[in-house]
Amino acid sequence: MKHRRHAEHPRESGDATASEHSAGVLYVIATPIGNLKDLGQRACEVLASVDFIACEDTRHSKVLLDHLGIRRPLLSCFAQNEAQRTPEIIARLRAGENAAIISDGGTPCISDPGMLLVDACHQAHIRVSPIPGPTAFAAALSASGFSGQDAVFIGFLPRDSGPRLARLRPYLRHPGPLVLYEAPHRLSALCDDLLALFEPERELLIARELSKLFEELLRLPLSAVRDWLDAQERIRGEFVLVLAPAPQREASVDQSKVDAVIDVLHGHGLSTRAIRDVVVQLFSLRSSEVYARVLERSERK
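Residues numbered from 1 in each chain as written. Predicted model: local features only at pLDDT ≥ 70, side-chain atom pairs only at ≥ 80, totals over all residues. Heavy atoms only, no water.

A. Representation of the layout of surface pockets in the model. In this structure, the largest pocket occupies an estimated 700 Å³ of space. Lining the largest pocket are 32 residues, and of these Ile33, Asp104, Gly105, Lys212 and Glu238 sit closest to its centre. Elements represented by at least two residues in the lining of the largest pocket include exactly helix H3 (58-68), strand E7 (178-182) and strand E10 (239-243). Sorting elements by how many residues they give to the lining of the largest pocket places H3 first, with four residues. Of the residues contributing to the lining of the largest pocket, the split by class is 15 nonpolar, ten polar and seven charged. (1 Å grid on protein atoms, 1.4 Å probe; cavity = no way out; pocket = protein on both sides within 12 Å on 5 of 7 lines; lining within 4 Å. Points joined across faces, edges and corners; volume = space filled by probe spheres on them. Helix = DSSP H or I, 4+ residues; strand = E, 2+ residues; numbered from the N terminus. Nonpolar A, V, L, I, M, F, W, Y, C, P; charged D, E, K, R; others polar.)

This is the structure in structure tokens:
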């Protein structure tokens, strides 16, 4: 099959190898996270011109393409088969075909399949070209009212509370917002862990069903999240959470002294909560921060 070249991306002469000249392009295309009208004109044009489209779910992607009036071959490429699909797609790109990779919604490789394929393209010196567009975490962050400076995208956390808390502890004093994804059936447990680690007055933006018919965004302190959850008849939708930046500490504390007190109290057999209460009183530190430090020190014993 003769491959197509796009006028906006001409091949450049110079140090490129012969294989780079003959290979096709992999376009990483962001698709709507809800409202189909959010897809840009350039993304539509590229989707209509490539030789085939690698997608997370062919049935889901067909709905989008039918809406756009695009008829291109679809190739499934999801988390469970991406490793097996990648050599096939690389071979076709090497042969000169152009391809696009899309997910069920949003930007591929951002908590969605695509990383293995994109990495393989770089390893094979095959050109990768991103077509930017909708991304759930950027949409939620932009609507949070928190500064985007030093924002950290964490995405999905571990399913179990212990690993989840361990993943969050390094960000206790992070000066920027934290952006998280979570499934509806795990939202309550995650919010409980956030309240256990972070200050109760710390605000959390809960964004549900972004750009969809039942879109909802609310911002409330962590201490009020449980009441909101309990008021829901059923927790449904796709959630993005944005945790406000950590409040700046007014005075520095010698952490080695704090650790020494924790270790002494632990040696006397005090419970985790009792140690926390003593350290909070001695050093005028935040309860959630001390609690996390006590847990960390206890795990080392």
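So that's the structure; there's more coming.
B. Structural detail: the pairing of strand E2 (residues 52-55). A two-sided burial pattern is seen for E2, the buried positions comprising Phe52 and Ala54 on one face and Ile53 and Cys55 on the other. Taken together, the four bridges between E2 and strand E4 (residues 99-102) define a ladder with parallel strand orientation. The partner of Ile53 across the bridge, within E4, is Ala100. In this sheet, strand E3 (residues 74-76) lies alongside E2 in parallel orientation, the contact comprising three bridges. By the bridge assignment, Ala54 is partnered in E3 with Leu75. In this fold, E2 hands off to H3, which returns the chain to E3; that crossover is right-handed. (Buried < 20%, exposed > 50% of the residue type's maximum accessible area, 1.4 Å probe, protein only. Pairing = 2+ DSSP bridges. Right-handed = clockwise from strand over helix to strand, strands pointing away.)

C. How the structure looks around the sheet that holds E10. Here five strands make up an open sheet; going across it, the order is E6-E7-E10-E8-E9 and the pairing mixed. A strand with exactly one partner marks an edge of an open sheet, and here the two such strands are strand E6 (152-156) and strand E9 (216-221). Within the sheet, the average angular offset between the axes of one strand and its neighbour, ignoring direction, is 15°. Looking at chain direction, strand E8 (residues 203-208) and E9 are connected through six bridges and run antiparallel. Among the inter-strand pairings, Leu205 is bridged to a residue of E9, identified as Arg219. (Axes fitted to C-alpha atoms, helices over the stretch in contact; angles between N-to-C directions.)

D. Representation of the pattern of salt bridges in the model. Under the criterion given, the structure shown has 21 salt bridges. Across the pair Arg202 and Glu199 runs a salt bridge whose closest N-O atoms are separated by 2.9 Å. When sorted by exposure, Arg202 lands in the same class as Glu199, which is buried. Taken together, the salt bridges that share partners define one network made up of Asp259, Asp263, Arg293, Glu296 and Arg297. (Salt bridge = Lys/Arg side-chain N within 4 Å of Asp/Glu carboxyl O.)

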